[in-house]
Amino acid sequence: LLNDWQNVDITRIIEDKFKLPVVLTNTSMAKIRAIDRIEIKGAVENIIFIEYGDGIGCGLKLAGNYVPGSSSISGELGHMRVTDEQIICRCGKVGCLEAVSALPALESKAKAIIREETETLLNGQSEISGICIFEAAAKGDRLCTHIVEEAFEYLARAIANLINVINPEIIVLESLISKVGENAYSHLLRAIEKNTLSTHWQSLEVKFSGIEQYLGPLGGASTILDLCIERSL
Ligand SMILES: [Zn+2]
């Protein structure tokens, strides 16, 4: 995604500037550490965290271990191909989950279909954003509910695929998803269940993260704490 940043030693540049050790990780990996440490308190061995916002990602804890991947860039759930529609993703490929389900995708969809006469709470708003669409759906706006539910169908398939492969005890969704309201959230849960093996669904807990703010920075702090503890052992 940062095509001009190939082979840039970013940790060295920041270390030189601040004269402190620097660790590089991605946001979904950092966030799952905060959720595991603060909310789940390390009590569960297999967790999937779904990061949702301008992009979509996931953090994985399997058999008690976080999964950063060989280059610390695992969890790019947003670039799982979920449709044959020729919608170009910001990664340059087509049909990615992020391109049809993340907040900017909702915004694009709404802007493409709303006309002056369309009955929606978005009409008359000076700016339409993905968050506005979530909030309008939560208030029962039919158009916004339709846009969100369509996007959640793709999200649900991707999450179900992960569940079927990994068989986690818990799926934790980024708290932002709770802003969409009860109806669209129920739709998401039903769509996940529909695409998940019943054996995997029965033993699964799906919940929102209760951490509404600073999950990323808390994840960064958790990452550093974990590394300090690992290195002191
Ligand atoms: Zn992509």
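Notes on the structure follow.

Thresholds, definitions, all that
Residues numbered from 1 in each chain as written. Predicted model: local features only at pLDDT ≥ 70, side-chain atom pairs only at ≥ 80, totals over all residues. Heavy atoms only, no water. Disulfide = S-S within 2.5 Å. Salt bridge = Lys/Arg side-chain N within 4 Å of Asp/Glu carboxyl O. Helix = DSSP H or I, 4+ residues; strand = E, 2+ residues; numbered from the N terminus. Buried < 20%, exposed > 50% of the residue type's maximum accessible area, 1.4 Å probe, protein only. Contact = heavy atoms within 4.5 Å. Pairing = 2+ DSSP bridges. Axes fitted to C-alpha atoms, helices over the stretch in contact; angles between N-to-C directions. Donors = N, O, S within 2.8 Å, 3.2 Å for Na, K, Ca; no water.

Attention now moves to the state of the cysteines. As enumerated under the stated definition, the model contains 0 disulfides in all. No disulfide involves cysteine 132; its nearest neighbouring cysteine sulfur is the one of cysteine 144, lying 8.6 Å away.

This next bit is on the pattern of salt bridges. Pairing between side chains of opposite charge can happen when their charged atoms approach one another. Under the criterion given, the structure shown has 11 salt bridges. Between aspartate 226 and arginine 33 there is a salt bridge whose closest N-O contact spans 2.8 Å. Here arginine 33 lies in helix H2 (residues 27–40) and aspartate 226 lies in helix H9 (residues 215–232), a separation of 193 residues in the sequence. Summarising the burial analysis for this pair, aspartate 226 and arginine 33 share the class buried. Between arginine 37 and aspartate 226 there is a salt bridge, and its shortest N-O distance comes to 2.4 Å. Linking arginine 37 in helix H2 with aspartate 226 in helix H9, this pair joins segments that are 189 residues apart in sequence. Arginine 37 gets classed as partly exposed once you look at its relative accessible area, which sits at 32%.

Another point: helix H5 (residues 130–138). Buried residues of H5: Gly130, Cys132, Ile133, Phe134, Ala136 and Ala137, and no others. On its buried side, H5 packs onto strand S1 (47–52), helix H4 (103–113) and helix H6 (142–166). Looking one or two residues beyond H5, the residue adopting positive phi is glycine 140, at roughly 95°.

Let us now look at the sheet that holds S1. Read across the open sheet, the 5 strands follow the order S3-S2-S1-S4-S5; overall the sheet is mixed. Looking at the sheet topology across the chains shown, the edges are occupied by strand S3 (65–66) and strand S5 (205–208). Across 4 bridges, S1 lies against strand S4 (residues 170–173) in parallel orientation. Residue pairing across strands places isoleucine 47 opposite isoleucine 170, the latter belonging to S4. Lying on the sheet, H6 is in contact with S1, strand S2 (56–62) and S4; it crosses S1 at an angle near 160°.

It is worth spelling out the coordination of the zinc ion at this point. Looking at the zinc ion, one finds its protein donor set to be His79 (ND1), Cys89 (SG), Cys91 (SG) and Cys96 (SG), positioned 2.0 to 2.4 Å from the metal centre. Here the donor residues of the zinc ion share one chain and are spaced in sequence as H-x9-C-x1-C-x4-C.

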